[in-house]
Amino acid sequence: MQIKIFENYEEMSVAAADALLALLAREAAPLLGLATGSTPIAMYQELIRRRDEIENLKYVKTVNLDEYLGLPADHPQSYRYFMQEQLFKCLGLAPGQSHFPHADSLDPKEAEAAAEAYEAQLLELGPQTVQILGLGENGHIGFNEPADVFIPATHVVDLAEGTIQANSRFFASREEVPRQAITMGIAGIMRAREVFLLVSGEKKADALARALYGPISPQLPASILQLHPKLTVFCDRAAAELLNPAQ
Ligand code: GLP
């Protein structure tokens, strides 16, 4: 595990973009595992600013971690829409280059089938060259919420109360936040050849310290990353406040 601590969010984001551009330059046809949330936004902006450096852009494929259940793909808070607005349209990625779980139906059987179909697609596309991750305040990665067991495959998940609360800032009201999502599972994340975990702000300090130095437990899903052979943590000072490398 490599932990890189930066003075602030901007420096962290530029460094993560640098590392991502270096990986992109090494791979003929990279598969990028991407994340939503506010944390990766500045890294995406840096990638857009330097898009001329990405010579193999038309051979890049992307897979996203998760999607809310029951939002149509063109809903402004759907993750597909977020990625389209924040990154894909600015890079000029064609629709066929990016992949998401099809989570528009609330019907339980259709949702399960969509999760299975996404898992099959992930296996077919192959391991991610790199998986970008943010961190939930409760230690979730993607939408793998604290639970009694790690769930390996893509699955339908009930969002934790804290996640609904944290994500309500993006919706007009708390009631509008979807209660369920489809998320890549823990095995899907751990399959990635490299993982970049991006963490910013004091609100994440406790989850980050427990993820990196606490016991590996499904109650703090990000703790599984301790077992990843190539994890790089990009964090700012505020998020790193409780890190004690002596541990
Ligand atoms: C969301 C997403 C995660 C993201 C996390 C943190 O619920 N499903 O993939 O990493 O919350 O979001 P933020 O970066 O906005 O703090």
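Criteria and thresholds
- Residues numbered from 1 in each chain as written.
- Predicted model: local features only at pLDDT ≥ 70, side-chain atom pairs only at ≥ 80, totals over all residues.
- Heavy atoms only, no water.
- Helix = DSSP H or I, 4+ residues; strand = E, 2+ residues; numbered from the N terminus.
- Rg over C-alpha atoms; globule rule 2.2 N^0.38 Å.
- Buried < 20%, exposed > 50% of the residue type's maximum accessible area, 1.4 Å probe, protein only.
- Contact = heavy atoms within 4.5 Å.
- Areas by Shrake-Rupley, 256 points an atom, 1.4 Å probe, with all protein chains shown as cover.
- Lys, Arg positive; Asp, Glu negative; His and termini not counted.
- Charge placed at Lys NZ, Arg CZ, Asp CG, Glu CD.
- Pairing = 2+ DSSP bridges.
- Axes fitted to C-alpha atoms, helices over the stretch in contact; angles between N-to-C directions.

Undergrad: Can you help me understand the overall build of the protein chain in this one?
TA: If you tally the helices and strands in the protein chain, you get 7 helices and 10 strands. Over its C-alpha trace the protein chain gives a radius of gyration of 17 Å, about what one expects of a compact globule, namely 18 Å for 247 residues. Counting only C-alpha atoms and orienting by the principal axes, one finds that the protein chain spans roughly 50 × 45 × 35 Å. Out of the 247 residues belonging to the protein chain, those deemed buried represent 53%. Here the analysis covers contacts within the protein chain between residues at least 6 apart in sequence; of these, 80% occur between residues at least 24 apart. By element, 52% of the accessible surface of the protein chain is carried by carbon and sulfur atoms, the whole surface being about 11,200 Å². Positive and negative side-chain charges in the protein chain, numbering 20 and 32 respectively, have mean positions lying 5 Å apart.

Undergrad: Please clarify how the sheet that holds strand S7 (residues 155-158) should be interpreted in this entry.
TA: Sheet strands pair by backbone hydrogen bonding; their relative direction is either parallel or antiparallel. The strand order S4-S8-S7 describes an open sheet built from 3 strands, whose pairing is antiparallel. Edge positions in the sheet fall to strand S4 (66-68) and S7, since each has one partner strand and no second. Sheet twist, expressed as the mean angle between neighbouring strand axes with direction ignored, is 25°. Those strands touched by helix H4 (residues 108-125) are S7 and strand S8 (180-183), and its axis lies near 125° from that of S7.

Undergrad: How should the environment of Gly134 be read in this particular structure?
TA: Following the sequence through the fold, Gly134 ends up in the loop between strand S6 (130-133) and S7. Taking C-alpha positions, Gly134 is 7.7 Å from Thr36, a pair spaced 98 residues apart along the chain. Apart from the residues within four sequence positions on either side, Gly134 is in contact with Ala35, His140, Ile141, Leu197 and Leu198.

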